[in-house]
Amino acid sequence: MSNQGGKKGFISAWGIFLGLVVGTLIGAVFNHLIINYPSLAPKISWINDNICWPMGNAFLQALFMIVVPLVFSSLLVGVANLGGGKGIGRLGGRLFLFYACTTILATGTGQLLVNTLKPGKSLDQATMLKAAEENKNKLSSLKAQSSMVEGSIWPGIVTKIIPRNIIDQFGKTNMLSVIFVSLIFGLALLYLPKNSSKTTFIQFMSALSDASVLIIGWIMKIAPFAVAGLMIAIISTLGVGLIQKMFFYIGVLMAGMLIHFCVYTLILKFVVRFPIKRFFKEMVPVFYTAFGTSSSSATMPVTMNTLETRLGAPRSIVNFSVPLGTVVNMDGTALFEVVATIFLAQFFGVEMTLGSHFFLLAIVFITSIGVASVPGGSLPILMSAIVVLGIPPEGMGVIIGVDRLMDMCRTVVNVTGDSVAALFLSKTQKTHASEKSHTVSD
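Residues numbered from 1 in each chain as written. Predicted model: local features only at pLDDT ≥ 70, side-chain atom pairs only at ≥ 80, totals over all residues. Heavy atoms only, no water.

This part is about the overall build of the protein. Along its length, the protein carries 21 helices and zero strands. Residue burial in the protein is summarised as follows: out of 442 residues, 55% are buried. Carbon and sulfur atoms form 68% of the exposed surface of the protein, whose accessible area is close to 19,100 Å². (Helix = DSSP H or I, 4+ residues; strand = E, 2+ residues; numbered from the N terminus. Buried < 20%, exposed > 50% of the residue type's maximum accessible area, 1.4 Å probe, protein only. Areas by Shrake-Rupley, 256 points an atom, 1.4 Å probe, with all protein chains shown as cover.)

On to the pattern of salt bridges. Summed over all chains, the structure comprises five salt bridges. Its salt-bridge partner being Arg310, residue Glu282 comes within 3.5 Å of it at the nearest N-O pair. Of the two residues, Glu282 sits in helix H14 (residues 276-282) while Arg310 sits in the loop between helix H16 (296-309) and helix H17 (315-328), which places them 28 residues apart along the sequence. Overall, the relative accessible area of 8% leaves Glu282 in the buried class. Owing to a relative accessible area of 5%, Arg310 belongs among the buried residues under this scheme. Between Asp403 and Arg410 there is a salt bridge, and its shortest N-O distance comes to 3.0 Å. Among the residues examined, Arg410 registers a relative accessible area of 1% and is labelled buried. One network of salt bridges, in which partners are shared, links Asp210, Glu308 and Arg315. (Salt bridge = Lys/Arg side-chain N within 4 Å of Asp/Glu carboxyl O.)

What follows deals with helix H13 (residues 247-272). Between its first and last C-alpha atoms H13 spans 36 Å; for 26 residues at 1.5 Å apiece the expected length is 38 Å, and the two agree. Count one or two residues on from H13 and you reach Arg273, which has phi positive near 55 degrees. (Expected span 1.5 Å × (residues − 1).)

Looking now at the nonpolar core. Counting 127 residues, the largest nonpolar core has Met246, Tyr249, Val398 and Ile399 as the members making the most contacts within it. Those residues in contact with Ile399 that lie beyond four places of it in its chain are Met246, Tyr249, Phe336, Ala340, Phe343, Leu344, Leu379 and Leu382. (Core = buried A, V, L, I, M, F, W, Y, C linked by side-chain atoms within 4.5 Å. Contact = heavy atoms within 4.5 Å.)

To describe a pair of aromatic rings, one takes the distance between the centres and the angle between the planes. With the rule as written, the count across this model stands at 13 aromatic pairs. Ring pairs connect the aromatic residues Phe261, Tyr264, Phe279, Phe280 and Phe287, which therefore count as one cluster. Directly above the ring of Phe270 sits Lys269, whose terminal nitrogen or CZ lies 5.8 Å from the centroid. Directly above the ring of Phe336 sits Arg410, whose terminal nitrogen or CZ lies 3.8 Å from the centroid. (Phe/Tyr/Trp six-rings, centres within 6.5 Å; stacked < 30°, edge-to-face > 60°. Lys NZ or Arg CZ within 6 Å of the ring centre and 35° of its normal.)

The residue Lys118 is not glycine, and still its phi comes out positive at about 50 degrees. Mapped onto the elements of the fold, Lys118 is located in the loop between helix H3 (85-117) and helix H4 (125-134).

Before going further, it helps to examine the confidence of the model for the protein. Looking at the protein as a whole, the pLDDT averages 82, with 86% of positions reaching at least 70. Across the protein, H13 holds the top mean pLDDT of 94, while helix H6 (residues 149-153) sits lowest at 51. Taken together, the stretch residues 1-11 has pLDDT below 50 and engages in 29 contacts with residues farther than four places along the chain or on a different chain. Between residues 431-442, whose pLDDT stays under 50, and residues either more than four places distant or in other chains, the model counts 36 contacts. (pLDDT = per-residue confidence, 0-100.)

So, about the packing of helix H2 (residues 41-80) against helix H11 (residues 223-236). At a minimum axis distance of 8 Å, the contact between H2 and H11 shows a crossing angle of 130 degrees. Judged on the interaxial angle alone, H11 and H2 are oblique. By crossing handedness, the relation of H2 to H11 is classed as left-handed. Contact residues: Asn48, Cys52, Trp53, Met55, Gly56, Asn57, Phe59 and Leu60 in H2; Ala223, Phe225, Ala226, Gly229, Leu230, Ile232, Ala233, Ile234 and Ser236 in H11. Here the residues of the contact of H2 with H11 sort into 12 nonpolar, five polar and no charged. (Axes fitted to C-alpha atoms, helices over the stretch in contact; angles between N-to-C directions. Parallel < 35°, antiparallel > 145°, perpendicular 65-115°, else oblique. Left-handed = near helix turned anticlockwise from the far one by under 90°. Nonpolar A, V, L, I, M, F, W, Y, C, P; charged D, E, K, R; others polar.)

Mapped onto the elements, Ser74 comes out in helix H2. In this structure the side chain of Ser74 is engaged in a polar contact, spanning 2.9 Å, whose partner is the side chain of Ser209. If we ignore the near neighbours within four places in the chain, the residues touching Ser74 are Ser209, Met304 and Asn319. (Polar contact = N/O pair within 3.5 Å; in protein donor to acceptor, adjacent residues only side chain to side chain.)

Moving on, we get to helix H21 (residues 396-428). For H21, built from 33 residues, the straight-helix expectation of 48 Å at 1.5 Å per residue is missed by more than 12%, its first-to-last C-alpha distance being only 42 Å. Along H21, 29 of the 33 residues are buried, which leaves the element largely enclosed by surrounding structure.

All right, on to the packing of helix H15 (residues 284-293) against H21 then. Following both chains from N to C, one finds H15 and H21 inclined at 145 degrees, their axes separated by 7 Å at the closest point. The hand of the H15/H21 crossing is right-handed. Counted together, Val286, Phe287, Ala290, Phe291, Gly292 and Thr293 of H15 and Arg404, Met408, Cys409, Thr411, Val412, Val415 and Thr416 of H21 form the full contact between these two elements. Taken together, the residues of the contact of H15 with H21 break down into eight nonpolar, four polar and one charged.

Now the structure itself:
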């Protein structure tokens, strides 16, 4: 990552793109060999298990490693520098209003498309049974995880947000707790009398934030190779036959995400009044990272740095809005959950009444807050929703079979929403891009 418009940043973006392309091509070749030459499958599996996955996971783990110190320090300093409790309240109110409106639009779009096109009617029974058998171990794991979803909404959400042991929850990367503690400490600093101790602490946290961003720059040097490894492992193990059978479902999801992308574009053009061409040009590294990692958390450091150094968003706004958005703003995930649930209801012939549709919207809206922003993090919530609505859980087999590909796409939508929200907040708060910002050299 680099300064806005910097040549090294351009090379880095193209490096990630080349990693995606090369990894996809090699993965497609491996997939072809596995299908047509089964004797080669063990060798390809060895390459994936011992080279591709470790390379990709090392990159992901490194990004996850830096997320907690980056979010804690950046959000704390951001709150401490925003000027006052009332100002933060107004800022937070506008941000959550933005999130609520875009999430409602996303779920509404998903419902409209899936109910109009009815992709669930196109799936055959044999494909469903085969997918359930192939993914039976994952289904069992999801059933166990989904049983805890209902209790985690209420009153479990209280203990998920307010930690008994800060260090324990930080170690578990519980982002709801990290954000809550950051906000509390930042607000406390606002009300402390100005003295040398307070100034020193804020300077220390600011230095920690700067150091975290610098480390991200180092980590991003291996991004092209790591993304290539992830794509090889993912594409080589994709069930091409299942993708073909699920093409209508995939098409409906992609159409919904494309429509929601257009919503973001309209917000940028008519509300934020930000140059559309510049936004999409500078966001390229974020899009590539989100697509390759399928994780909003792993992409968050890149998103924050891109907004500040390339798009001119003030540091205080970026530090405040992006960590919150990564946890509570999941438009792509919400759209996916609605489409997938109704798709399965259509296949099994489960009647979705008007009340069922409203219940689905409510559970998706509530549970999208705090969804683990890691690959497949929304699947336990989806499993819980379909069980409550009386849809056979075995149907999740076909969803799991193509989910990684869909996860990559919805992660791009999620991080785009976070970025547009930050620019929206910058516009409404009448802040200035000339505010001091930090950069990272590639």
